[in-house]
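Close look at the chain arrangement
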Amino acid sequence: MDIELVTPGDEARLRAWWEVEDAARRADAPWLPTNPVQELLLEDDSNRRSSRRERHAAVLDGRVVGGLVLELPLLDNTETLIATVMVHPDHRRRGIGRQLFDHAVARGRHERRPLLIGEVAEPLDVATVAPGAAFATSVGGRRALSEICRALDLDTALDHRLSALAETSRQHAAGYELVQWAGPAPDELVDDLARLQALMSTDAPLDDLQWSPEVWDAARIREGEEEAAAKERVWVTTGARHVASGRLVAYTDIGVSIHLPGTAFQWTTIVDRKHRGHRLGMLVKTANIALLAAHCPGVRRVITWNAETNDHMVAINVEMGFQKVGRWAEWQLEVPPA
Ligand SMILES: CC(C)(COP(=O)(O)OP(=O)(O)OC[C@H]1O[C@@H](n2cnc3c(N)ncnc32)[C@H](O)[C@@H]1OP(=O)(O)O)[C@@H](O)C(=O)NCCC(=O)NCCS
C-alpha cells in the first residue's frame, strides 16, 4: 500500500478520496451527511494565512482505500496537528488506519508539531464502542473532549415555538438591538466579529483538550468568508448590538452548501461575558433560524455540536427543540520524539 499526497486539481483522485470519506461516514455517523464532493473540488487553500491543509490517500492496487486529512493551524496552536484518519469499511482491520496514523505522526515530527488531535464520531448508545474510539485508544490517544451532536428539524410547529421563545427573550434584552445579514459581514462589524470569534476558543468548555487561545482579526474573518464563498456555501448571521456602546456583543451564524441544500450547520454562537444574562443567546439563535428559513427555504434540518459540559448552550438548544443524533469526541496524543 502507498500513501500519496492528493494534489489540488487532481479531480479523479479527489473524487475517489471523497468516495472513501462518504462510505466511512455512512458506516460510522449516518446522521451526519458528508460535505458535498463539490467542496473538495473547489477547495483552494494555497493562500490561506490561518491554516494549511493536506490530504493523503492510501492507495492499494491503484484504488483509494483510505484517507488522511492534516490541518496545520498557522496563527495559533502551531504545535498542533489535527489529523483525521479514515478507511473504507470494506478494507478495515488490515492495518491501513495504523499506517495512515504513522504517516500523520511522521508529518507531525517533520513539522515540529508534537500534539495530535483527532475527531471521532460515535453512536448515541454509549455502550457501543465506535471503531474510531477503539482505534484511537489502540494508538495511545486519550479522549479529551466529549460532544453531543443535535439536530433541529424545521417545520411549522417549530415556527410557533421559536416565535414564543424569541418574544420572551426580547423582554429580557432591553438595551440591545438585532442586526442581521446574509453572506459577508458589513465592514463596520468585522472587528467586533473577530473579537467575539476569539472568545470561542477561551469561553466554550474544552475539558482536557490542549488548545491555545486563537488569534483572530478582521483579515481572518474575511479569509473564512472567502473560503466559504469559494466552496459555494451560503450563510446567515444574527448579532446583538449593545445600543449604548454601539458594539456587537453576541452573534451566531449558520452555513449551508448550495450542493446540500436540505442540511444547514450551526457555526459560531457566542455572547460576550459582560453581556450574559439578557437572553441574548436565545434571542440571536431564534432570529437566525427565522432568517435562515427566509433566505434558504430548502433547509429542513440544522445540525449543531456542543461540549457535553456546555450547560448554557445545551439548555438553549434543547429549549429550541434540538434533539440528540450522535456523539462526537476529540482525542489527543502527544507524539514522543523519534
Ligand atoms: C478508525 C479507522 C480509521 C480504523 O481503520 P483500520 O484500517 O480498520 O485500522 P487498523 O486495521 O489499522 O487497526 C489498528 C488497531 O485499532 C484497533 N481497532 C480498529 N478498529 C477497531 C474496531 N472496529 N474494534 C476494535 N478495535 C479496533 C485495533 O486494536 C486494531 O488492531 P488489530 O486489528 O490488530 O486488533 C476506521 O475504522 C475508520 O475509518 N473509522 C471512521 C473514521 C474515524 O473514526 N477515524 C478515527 C479518527 S482519529
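Residues numbered from 1 in each chain as written. Predicted model: local features only at pLDDT ≥ 70, side-chain atom pairs only at ≥ 80, totals over all residues.

1. Observations concerning unusual backbone geometry
Backbone geometry at R112 places phi at a positive 55°, although glycine is not the residue there. Mapped onto the fold, R112 is located in the loop between α3 (96–110) and β5 (115–122). Looking at R112, the number of C-beta atoms within 10 Å reads 9, which means it is exposed. You will see that R279, though not glycine, has its phi angle at about 60°, which is positive. If you trace the backbone, R279 turns up in the loop between β10 (263–271) and α8 (280–295). Taking the number of C-beta atoms within 10 Å as the measure of exposure, R279 has 21 and is therefore buried. (Helix = DSSP H or I, 4+ residues; strand = E, 2+ residues; numbered from the N terminus. Buried ≥ 20, exposed ≤ 12 C-beta atoms within 10 Å, placed from the backbone.)

2. Looking at the pairing of strand β3 (residues 63–73)
Strand direction decides the pairing type here: strand β2 (residues 51–60) and β3, joined by 10 bridges, are antiparallel. The partner of H56 across the bridge, within β3, is L68. Inspection of the sheet shows β3 paired to strand β4 (residues 80–87) by six bridges, in the antiparallel sense. Within β4, the position partnered with G66 by the bridge is V87. The antiparallel pairing of β3 with β4 creates a hairpin that spans six residues between the two strands, and N77 there sits at a positive phi of about 50°. (Pairing = 2+ DSSP bridges.)

3. A few points about the domain arrangement of the chain
For the chain, the assigned domains are domain 1 (2–140) and domain 2 (151–327). The straight-line distance from the C-alpha centre of domain 1 to that of domain 2 is 27 Å. Contact residues are listed per partner, giving 22 residues for domain 1 and 21 residues for domain 2. Elements with a contribution of two residues or more to the side of domain 1 that touches domain 2: α2 (37–42) and β5. (Domains from an automatic or database assignment. Contact = placed C-beta atoms within 7 Å.)

4. Concerning the site of the ligand
Near the ligand there are 22 residues, and of these R92, G97, G118, G132 and A134 occur at the shortest range. Counting residues per element, the shell around the ligand draws most heavily on helix α4 (residues 131–138), at six residues. Within the shell around the ligand, the residues separate by chemical class into 11 nonpolar, six polar and five charged. (Near = placed C-beta within 6 Å. Nonpolar A, V, L, I, M, F, W, Y, C, P; charged D, E, K, R; others polar.)

5. A short note on α3
End to end, α3 covers 21 Å across 15 residues, agreeing with the expected 21 Å (1.5 Å per residue, within 8%). Among the residues of α3, I96, G97, L100, F101, A104 and G108 are the ones counted as buried. Across the axial projection of α3, the buried residues extend over an arc of 135°, all falling on one side. Against the buried residues of α3 lie β1 (2–5), β2, β3, β4, β5 and α4. The positive-phi residue at the C-terminal boundary of α3 is R112, with phi of around 55°. (Expected span 1.5 Å × (residues − 1). Arc of directions from axis to C-beta.)

6. Here's the deal with the sheet that holds β2
Strand order in this open sheet of 12 strands is β1-β2-β3-β4-β5-β12-β6-β11-β10-β9-β8-β7, and the pairing throughout is mixed. Of all the strands in the sheet, the pair left with one neighbour each is β1 and β7 (176–182). On average, adjacent strands in this sheet sit at an angle of 25° to one another, irrespective of strand direction. Against the sheet, helix α1 (residues 11–28) touches β2, β3, β4 and β5, its axis set at about 90° to β3. (Axes fitted to C-alpha atoms, helices over the stretch in contact; angles between N-to-C directions.)

7. Section: the pairing of strand β9 (residues 247–257)
Where burial is concerned, most of β9 is hidden: eight out of the 11 residues are buried. Of the strand pairs in this sheet, strand β8 (residues 233–242) and β9 are connected by 10 bridges, and their pairing is antiparallel. Across the sheet, residue A240 finds its bridge partner in β9, namely A250. Connecting the antiparallel pair β8 and β9 is a turn made up of four residues, with G246 showing a positive phi of about 80°. Sheet analysis places β9 next to β10, joined by six bridges and oriented antiparallel. Looking at the pairing, T252 lines up with T269 of β10. Hairpin remark: β9 followed by β10, antiparallel, with five residues in the connecting loop.

8. Considering the nonpolar core
Grouped together as the largest cluster of nonpolar side chains are 38 residues, with contacts concentrated most on A250, A264 and V302. Elements with a minimum of two residues in this core: β6 (142–153), α5 (156–172), α6 (190–203), β8, β9, β10, α8 and α9 (311–320). Looking at this core element by element, the count peaks at seven residues for α8. The contacts of A264, once residues within four sequence positions are left out, are I254, G255, V256, L292, C296, V299 and V302. Within the second largest apolar cluster, 32 residues are counted, among which are L14, A29, L81 and L116. (Core = buried A, V, L, I, M, F, W, Y, C linked by C-beta atoms within 7 Å.)

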